[in-house]
Amino acid sequence: MNEPHLAVDWAMDAIAFLLRNLPRSQEKREGWEDMSLTAYQFACSALIALGQADAAVYGAVARKPPRLPDVLPRWDDICVVVLSLATQQHLLTYRLPDGNISPRPNPGGLTTYVTGGAAPPPAPNIGAGWGLGLAHAAPDVLSVLQSLGLIENGRWSKAAETILWRHLPEEWDIDVTSDPRFVDAAVRAVDTLPEDIRTEMDRIVTITEVDLMASVERSAASYEELRATFGANARIRPPETVDQAQKSLEFARRHDLNWLFFCRWRLADGWLTSADAGHALKIFHDLLAIAMRRAVMARLYPDLSFPMGWP
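Thresholds applied
Residues numbered from 1 in each chain as written. Predicted model: local features only at pLDDT ≥ 70, side-chain atom pairs only at ≥ 80, totals over all residues. Heavy atoms only, no water. Helix = DSSP H or I, 4+ residues; strand = E, 2+ residues; numbered from the N terminus. Buried < 20%, exposed > 50% of the residue type's maximum accessible area, 1.4 Å probe, protein only. Contact = heavy atoms within 4.5 Å. Areas by Shrake-Rupley, 256 points an atom, 1.4 Å probe, with all protein chains shown as cover. Lys, Arg positive; Asp, Glu negative; His and termini not counted. Charge placed at Lys NZ, Arg CZ, Asp CG, Glu CD. Polar contact = N/O pair within 3.5 Å; in protein donor to acceptor, adjacent residues only side chain to side chain. Expected span 1.5 Å × (residues − 1). Arc of directions from axis to C-beta. Axes fitted to C-alpha atoms, helices over the stretch in contact; angles between N-to-C directions. Parallel < 35°, antiparallel > 145°, perpendicular 65-115°, else oblique. Nonpolar A, V, L, I, M, F, W, Y, C, P; charged D, E, K, R; others polar. Pairing = 2+ DSSP bridges. Phe/Tyr/Trp six-rings, centres within 6.5 Å; stacked < 30°, edge-to-face > 60°.

Section: the overall build of the protein chain
A count of helical and extended segments in the protein chain gives 11 helices and 11 strands. With the C-alpha coordinates aligned to their principal axes, the bounding extent of the protein chain is approximately 60 × 50 × 50 Å. When burial is assessed residue by residue, the protein chain has 44% of its 311 residues classed as buried. Within the protein chain, residue pairs in contact and separated by at least 24 positions form 64% of the contacts whose partners lie at least 6 positions apart. With the model as given, the accessible surface of the protein chain reaches about 16700 Å², and the carbon-plus-sulfur share is 55%. Considering the protein chain, the positive charge centre built from 30 side chains and the negative charge centre built from 39 side chains are found 3 Å apart.

See below:
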């Protein structure tokens, strides 16, 4: 999903934004750290897909010379990467309907509010539109969002709507699953399900007795290894029971189902071919893909509860 007449422009502007805002590696000055943070992992993957970097253990290292690929990565995926990095770096904040910043709980459980002595946050400079709420973006972010076509005349554009369904801010309180476009897409996803994906789904949702016993045995072996290493008096979680193994496997299999949607499904195009999926970025934690996985699995496997769980 690219915009052909704008492709090179938006790609170069996105690259420049990523290079300015992705942390440099402390060990390699020509590399970038992902720090195991989602937004940084996305940004490193985007630089690699855009021909600017090669994969490294810690993130990415600069490619010399850089060169745009003949086929660019998906425009919609790059948009999600830019939004994620901008949010991570506090360059983009989503606002409540009154323009205020939503209070956030601290790690200790307390909630942070802006007090009278603190400077008020800057007013929103991205207007609501197409069902999306207010936001404030730093100038660096505004320029790249405009280049990507996500802002028009100071407001979110029509193209931005379903992009932001994938990166949905809590402040806007939007339920995409009730939108007719989502419902129609779920029906199409079931009706056009490729055979290879259905085969993989069937495999993932089938938890056999052999699978359960193997999980129990792995847990028991790990327990014994830890006991041998740390001694009989060490506080070690006991081996899994069969019921616990069932729950663990269900959680892992649900994760596997998510990855099918992260890699092979997009709202605009439905199921991607293997070739098309090669130009898609692996945008994990994609809220729209997770919601679609739940909707599709409910239709395909109505007698199974775990494939529809969250996340």
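The discussion continues.
Points about the side chain of His167
With respect to the secondary-structure elements, His167 resides in the loop between α5 (158-165) and α6 (180-191). At 3.3 Å, the side chain of His167 and the side chain of Thr87 are in polar contact.

Observations regarding helix α8 (residues 209-230)
Helix length check: α8, at 22 residues, gives a terminal C-alpha distance of 32 Å against a target of 32 Å (1.5 Å per residue), a fit within 8%. Listed as buried for α8 are Leu212, Ser215, Val216, Ser219 and Tyr223. What you see down the axis of α8 is that its buried residues fit within an arc of 95°, all on one side. Residues of α8 that are exposed and point over 90 degrees away from its buried face: Val210, Glu217, Arg218, Glu225, Ala228 and Thr229. Residues of α8 that are buried make contact with α9 (242-264). A positive backbone phi angle near 95° is found at Gly231, which sits one or two residues after α8.

Focus on the packing of helix α3 (residues 75-88) against α5
A pair of packed helices is captured by two measures, namely the crossing angle of their axes and the spacing between those axes. One way to put it is that α3 packs onto α5 with a least axis distance of 10 Å and a crossing angle of 70°. It follows from the interaxial angle that α3 and α5 lie roughly perpendicular. Facing α3, whose interface residues are Trp75, Asp76, Cys79, Val80 and Leu83, α5 presents Ala159, Ile163 and Leu164. Of the residues that constitute the contact of α3 with α5, the class distribution is 7 nonpolar, no polar and 1 charged.

A word on the sheet that holds strand β3 (residues 59-62)
The sheet built from 3 strands is open, its strands ordered β1-β3-β2 with antiparallel pairing. The sheet terminates laterally at β1 (31-33) and β2 (53-56), the two strands that pair on one side only. Going from strand to strand, the sheet's axes swing by 30° on average, the running direction of each strand aside.

Quick notes on the packing of aromatic side chains
Scanning the model with the defined rule gives 6 aromatic pairs in all. Through pairs of rings, three or more aromatic residues link up here, namely Phe42, Trp259, Phe262 and Phe284.

Examining unusual backbone geometry
Leaving glycine out, the prevailing phi sign among residues is negative, and the prevailing peptide bond configuration is trans. Here Lys64 and Pro65 are connected by a cis peptide whose omega angle stands at -10°. Mapped onto the secondary structure, Pro65 falls in the loop between β3 and α3. Across the junction of Trp310 and Pro311, the peptide omega takes the value 5°, indicating a cis bond. Tracing the backbone through its elements, the reader meets Pro311 in the segment after α11 (287-300). The phi dihedral of Met35 falls on the positive side, at around 50°, and the residue is not glycine. Along the chain, the position of Met35 falls in the loop between β1 and α2 (38-49). Residues other than glycine seldom take positive phi values, yet Asp173 does so here, at roughly 50°. Within the secondary structure, Asp173 sits in the loop between α5 and α6.

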